[in-house]
Amino acid sequence: MHYPWWYVPYLTSPMLIALIATIHIFTSLYAVGGGIVLAGEVSHAYKINNKSLLDYLRSHTFFFILLTVVFGAITGVGIWWIIGLSSPLATESLIHIFVFGWAMEYVFFVLEISSAFIFFYYWGKLDPHTHKIIGWIYAVSAYMSLVIITGITAFQLDIGTWTPDKGMWVAFFNPQTLPQIVARSGASLLMASLYIYLHAAFKLKNDSNLRSLVETRTATWSMVGAALVTIGGAWWYINLPASSKAALAGASALNVLTALVFAASAVVFFMLYFGPHKNPGWINPGFAILYFAIGIAATSTGEFIREGVRKPFIIYNYVVGNNVLTSEIPKLQATGYLNGGVWTKAFVRSHYPQVMGLDGNIDGAKLLQLPETDQLAVGKILFQYHCNDCHSEKGFSGVSEYTRGWSESMINTVVTHLDKAHYFMPPWCGTREEAILLTKFLESISLNSPSGMIFSGETIRSKSDITQMKGGGIGK
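Model, not experiment: these values are computed from the prediction. (Residues numbered from 1 in each chain as written. Predicted model: local features only at pLDDT ≥ 70, side-chain atom pairs only at ≥ 80, totals over all residues. Heavy atoms only, no water.)

What follows concerns the overall build of the chain. For the chain, the helix and strand inventory stands at 21 helices and five strands. Burial analysis of the chain (476 residues in total) assigns 50% to the buried set. If you take every contact in the chain between residues at least 6 apart in sequence, the share linking residues at least 24 apart comes to 73%. (Helix = DSSP H or I, 4+ residues; strand = E, 2+ residues; numbered from the N terminus. Buried < 20%, exposed > 50% of the residue type's maximum accessible area, 1.4 Å probe, protein only. Contact = heavy atoms within 4.5 Å.)

Dropping the structure here:
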């Protein structure tokens, strides 16, 4: 409530988070799993003294660093910018709750970057034993980074027994942390293997013996990854809060997508077992691209589901989707949503000083005495703060489509009973007068029902017809 809003027309700001986070997760999982696979395979190559395999691993390490350290770092910073702008209160809360966790994350990040560059640029200059140790330092640092970040994002889905007076570790070891660590550990190994197949298919297309060796060795890592994804995913579902299970049960699309993730993991496991593991030589550019596409689709779908079942919270039972602390809602409902925010109150005081009471607060009754155009303007401000975090006016998740054909009274009923109408929506956080202003704005942008629809010989009416049948709009 104490931050200005960020309006992204047609798309909504959360979709920008999803866009950048999805791109980032493809490289961040590779950064973790790739580090483990490279450290293991370099150790194996030194053990069997295979110079050809070492040369290939060096060329793959260059590709790995270019993608994960450069591109991954850029998208990682991009996520911080986007979530800070889109969900400032939730971001602030996560920083405060996990301040020691973030400190550990930065230490591991510095270790990760340093060891990655030493591992590549000192290749051939360090003795094998030292080189292997540097590789494993990178692998452990990257994996610890995954563990810390996963614990924090898992906290958003279920805070467990944490309360604000309890420490970071109670928050970190929430019911979702371990299942998600298992699932993401598997996803990182699986994604790393698919990147290696993609790289080897083109890099080693003229060296079938070495390509077959890389295929067989990598298949083991990827099958372990696919198994962990399945185990972690099932554990994740069992530990979901009731609201998340209800969201899955109520959304057919999410059910289908969840089934697809498990099916894709099983298909990839058997394809890897009967392909590269048992019959090396299968991996050509076409198969490598197909494997990679399946991995990308499964990973992005899994992340979409993980985010989708968190509604109506950004942090479960602590921060709701419109960046309001759950503990603040009763006060906002009693004294007014506009009164509760620094920027909203300043806006009203600046543009409509006549509605300010003697106590310095906004008088709700005076808001309804404003001219109609000003009431719509205040209603739009309420929309930008209360609804904009998930909905656009027109476009993705547009309220003009959701309220298509609704009368003013129907909209007002839903606004004042948001959480009752849809359990995945936050409750209305304002007064009755503010609900009327928001309703008027929503009614002004809502669309008519599609034309041509006929039920029992009667053509469906427009929203204005429905309003007239009900005896006029609200507040009249």
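Moving on, we get to unusual backbone geometry. Following lysine 311, the chain continues into proline 312 via a peptide bond in cis, with omega recorded as 5 degrees. Structurally, proline 312 can be placed in the loop between helix H11 (285-308) and strand E1 (313-315). Its identity is not glycine, yet asparagine 323 carries a phi of approximately 60 degrees, on the positive side. With respect to the helices and strands, the residue asparagine 323 is situated in the loop between strand E2 (319-320) and strand E3 (324-325).

What follows deals with a nonpolar patch on the surface. A cluster of nonpolar residues, Trp80, Ile95, Tyr106, Phe109 and Val110, forms a patch on the protein surface that exposes about 450 Å² of accessible area. In terms of residue count, the dominant contributor to the nonpolar patch is helix H4 (residues 99-121) (three residues). With respect to the helices, strands and loops of the structure, valine 110 is situated in helix H4. (Patch = residues over 30% accessible without salt bridge, like charges linked within 9 Å, V, L, I, M, F, W, Y side chains within 5 Å. Areas by Shrake-Rupley, 256 points an atom, 1.4 Å probe, with all protein chains shown as cover. Salt bridge = Lys/Arg side-chain N within 4 Å of Asp/Glu carboxyl O.)

In this model, helix H7 (residues 177-203) (27 residues) spans 38 Å end to end at C-alpha, consistent with the 39 Å of a helix rising 1.5 Å per residue. Of all 27 residues making up H7, 23 are buried, and the element is well covered by its neighbours. (Expected span 1.5 Å × (residues − 1).)

As a further point, take the nonpolar core. Judged by nonpolar contacts, the single largest core of 108 residues is most densely connected at Phe98 and Phe155. Per element, the largest residue contribution to this core is 13 residues, and it comes from helix H1 (residues 13-48). Each residue touching phenylalanine 98, except ones within four places of it in the same chain, is listed here: Ile152, Phe155, Met168, Ala171 and Phe172. Core analysis: the second largest hydrophobic core is formed by eight residues, Trp236, Leu240, Leu254 and Val309 among them. (Core = buried A, V, L, I, M, F, W, Y, C linked by side-chain atoms within 4.5 Å.)

Before going further, it helps to examine the pattern of salt bridges. This model, assessed by the stated rule, comprises nine salt bridges. As a salt-bridge pair, glutamate 303 and arginine 184 come within 3.0 Å of each other at their nearest N and O atoms. Taken together, the positions of glutamate 303 in helix H11 and arginine 184 in helix H7 put the pair 119 residues apart, joining distant regions of the chain. Take glutamate 303 and arginine 184: they sit in the same class, and that class is buried. Its salt-bridge partner being lysine 440, residue glutamate 372 comes within 3.7 Å of it at the nearest N-O pair.

What follows deals with the environment of valine 37. In this structure, valine 37 sits in helix H1. Overall, the relative accessible area of 1% leaves valine 37 in the buried class. Distance from valine 37 to proline 330, taken between C-alpha atoms, is 52 Å for residues 293 residues apart in sequence. In this structure, valine 37 is in contact with Leu189, Ala192, Ile196 and Trp221, ignoring residues within four places of it in sequence.

Take the packing of aromatic side chains next. Inspection of the entire model under this criterion finds 27 aromatic pairs. Ring centres of phenylalanine 383 and phenylalanine 441 lie 5.7 Å apart, and the angle between their planes is 45 degrees; this geometry places the pair in the tilted category. Of this pair, phenylalanine 383 sits in helix H16 (residues 372-386) while phenylalanine 441 sits in helix H20 (residues 432-445), and the two are 58 residues apart along the sequence. Classification of phenylalanine 441 by relative accessible area gives buried; the value is 6%. The structure contains a cluster of three or more aromatic residues connected by ring pairs, namely Tyr30, Phe63, Phe64, Tyr138, Tyr195 and Phe292. One residue, arginine 58, lies across the ring of phenylalanine 120, its end atom 5.9 Å from the ring centre. When the ring centre of tyrosine 122 is taken as origin, the NZ or CZ atom of lysine 125, which lies over that ring, is 5.9 Å away. (Phe/Tyr/Trp six-rings, centres within 6.5 Å; stacked < 30°, edge-to-face > 60°. Lys NZ or Arg CZ within 6 Å of the ring centre and 35° of its normal.)

Time to look at the side chain of histidine 199. By the secondary structure assignment, histidine 199 is in helix H7. Residue class for histidine 199 comes out buried when judged on its relative accessible area of 13%. Non-local contacts of histidine 199, meaning those with residues more than four positions away in its chain, are made with Tyr56, Ser59, His60 and Phe63.

As for its placement among the helices and strands, leucine 85 is situated in helix H2 (residues 51-86). Here the alpha-carbon distance between leucine 85 and proline 4, two residues 81 residues apart in the chain, equals 8.9 Å.

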